[in-house]
Amino acid sequence: MFDDIGMLAREATEWRRHLHENPELQFVETDTAAYVADKLRSFGLEPETGLGGTGVVAVIEGNGLAGKSIGLRCELDALPIEEQTNVSYSSRRSGVMHACGHDGHMAMLLGAAKKLAADREFPGRIVLIFQPAEEFGGGGEKMIADGLFDRFDCDEVYGIHNMPGIESGKVAGVSGAVMAAARAWDLKIEGKGAHAGWPHTGIDSIAVAMDFVSACNAIVARETDPIAAVVISTTQIHAGNNYNVIPQSVHVGGTIRTLSDAAMADVIARMQRVARGVAITKGCEVTFDVQSGYPVTVNHGSQLAGALAAVQSAFGNEAVETECDPKMGTEDFSYMLNEKPGAYLFLGSGDVAPLHNPSYDFPDGIIERGIGVWMTVAKARTAA
Ligand SMILES: [Zn+2]
Ligand SMILES: [Zn+2]
């Protein structure tokens, strides 16, 4: 099954480097989507474009025998980061780069698609899903809203993301919650501006902000189960522009991460209570808002076990990393796993720069294994 994957991986490496040179931000991945669709057409497939904005979907019909319909998903979008890798195929677009490895993910899925479309040695069918705007825009959710699963029925869905720090080429699976839920929050404090020498004539909005941040840190330390992973990070405070003026208003912002949607709802309620509390204590006005955000990415037990068992039987037990913790990053594949059973796997990218770092470059050495893993999961799950 993997005889000529080496040559295919070399071809896919060229695709990866082309995509790396030409990154596009979320929802404007038009050149990327066109490139992907052209490749799919060259494999004899008939891609549909424009789902959820710039999403691309193509179906590979199997050998005609009854089997499942299996969705395989990867991402089109790059990040607003100025590249610092100095590789010969560095981004040609200033301030935009593939720093999350989505270029490599596309190359892996296209490579698998080429081979699967040529052989068709599987029952059922495979639905290739190239989604826009994974990073911030919820492109996966938008594809679902645009009828992804109505138009392309999937019994199960799978995603693969490269992961620095996991041994190169190893596949890791986490049962249950694998990636966190995230919600951005904003606190606007309206105090009363005053001369810094007469603080008693105003209401010190900066002191209110400090109380709020301290109380939020105490929510994590004292009010949530230590076993439950909860993060409240304050990432912005905007106030003041002088030494002798107590500012009238402060804007504080940050993010909440949890590994369960129930914990997220609980933390938001506690932060609302703290916001009301500091307002009453200090006698000022506050507004606390939480933006919508990605839900928890939850792997389904039997699909995860089935995918990992298939990888082990194809590549050996040592090809699978079983000691893997969930990550507090987010993933909008969560929306697809909320609709369909399936799993989100990590593919180790070894000792490379972290994801979203300007020096990160997807390691081409794992493309061959990535193609093989996609083919293995596709063939095992269509026949499951
Ligand atoms: Zn990312
Ligand atoms: Zn990513």
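Above this text you will find the structure in question.
Residues numbered from 1 in each chain as written. Chains lettered and ligands numbered in written order. Predicted model: local features only at pLDDT ≥ 70, side-chain atom pairs only at ≥ 80, totals over all residues. Heavy atoms only, no water.

> How would you summarise the coordination of the zinc ion (ligand 1) if you had to cite specific residues and measurements?
Coordination sphere of the zinc ion (ligand 1), protein contribution only: Cys100 (SG), Glu135 (OE), Glu135 (OE) and His356 (NE2), at 2.0 to 2.5 Å. One can describe the site at the zinc ion (ligand 1) as irregular: its four donor atoms subtend angles covering 55 to 152° at the metal. Mapped onto the polypeptide sequence, the residues donating to the zinc ion (ligand 1) form the spacing pattern C-x34-E-x220-H. If you look at the zinc ion (ligand 1) and the zinc ion (ligand 2), they sit 3.2 Å from each other and are both ligated by Cys100. Placement of the pair is Cys100 in the loop between β3 (69-75) and α3 (102-119) and Glu135 in the loop between β4 (125-131) and α4 (139-145), with a sequence separation of 35 residues. The class of Cys100 is buried, set by a relative accessible area of 6%. (Donors = N, O, S within 2.8 Å, 3.2 Å for Na, K, Ca; no water. Tetrahedral: all angles 85-135°; square planar, octahedral: opposite > 155°, others 65-115°. Helix = DSSP H or I, 4+ residues; strand = E, 2+ residues; numbered from the N terminus. Buried < 20%, exposed > 50% of the residue type's maximum accessible area, 1.4 Å probe, protein only.)

> Please give an account of the packing of helix α1 (residues 5-21) against helix α2 (residues 30-42) that cites residues and values.
At a closest axis distance of 11 Å, the pairing of α1 and α2 adopts a crossing angle of 160°. As summarised for this structure, α1 and α2 are arranged roughly antiparallel, according to the angle between their axes. Where α1 crosses over α2, the handedness of that crossing is right-handed. Facing α1, whose interface residues are Trp15, His18 and Leu19, α2 presents Thr32, Tyr35 and Lys39. (Axes fitted to C-alpha atoms, helices over the stretch in contact; angles between N-to-C directions. Parallel < 35°, antiparallel > 145°, perpendicular 65-115°, else oblique. Left-handed = near helix turned anticlockwise from the far one by under 90°. Contact = heavy atoms within 4.5 Å.)

> Hey, could you go over the nonpolar core for me, with residue numbers and the actual values?
Within the largest apolar cluster, 56 residues are counted, with the highest numbers of intra-cluster contacts made by Leu40, Ile60, Leu72, Leu128, Phe130, Leu345 and Ile371. With nine residues, α3 is the single largest residue contributor to this core. When near neighbours in sequence (up to four residues on either side) are disregarded, Phe130 contacts Val36, Leu40, Gly55, Val56, Cys74, Leu76, Met106, Leu109, Leu110 and Met143. (Core = buried A, V, L, I, M, F, W, Y, C linked by side-chain atoms within 4.5 Å.)

> So what's going on with helix α7 (residues 261-282)? Residues and values would help.
When the terminal C-alpha atoms of α7 are compared, their 32 Å separation across 22 residues agrees well with the 32 Å that a helix rising 1.5 Å per residue should span. For α7, the complete set of buried residues consists of Ala263, Met264, Val267, Ile268, Met271, Val274, Ala275, Val278 and Ala279. End-on, the buried residues of α7 take up no more than an arc of 145°, which puts them together on one face. Among the exposed residues of α7, those oriented more than 90 degrees off its buried face are Ala262, Arg276, Ile280 and Thr281. Next to the buried residues of α7 lie β8 (181-190), α6 (205-223), β10 (230-238), β12 (249-258) and β13 (285-290). Where α7 ends, the next residue or the one after it, Gly283, has phi of about 70°, a positive value. (Expected span 1.5 Å × (residues − 1). Arc of directions from axis to C-beta.)

> Before we move on, can you summarise the coordination of the zinc ion (ligand 2) with the specific residues and values?
Here the zinc ion (ligand 2) is held by Cys100 (SG), His102 (NE2) and His161 (NE2), and the distances to it run 2.1 to 2.3 Å. Positions of the donor residues of the zinc ion (ligand 2), expressed as sequence spacing, correspond to C-x1-H-x58-H. Given a relative accessible area of 4%, His161 falls into the buried group.

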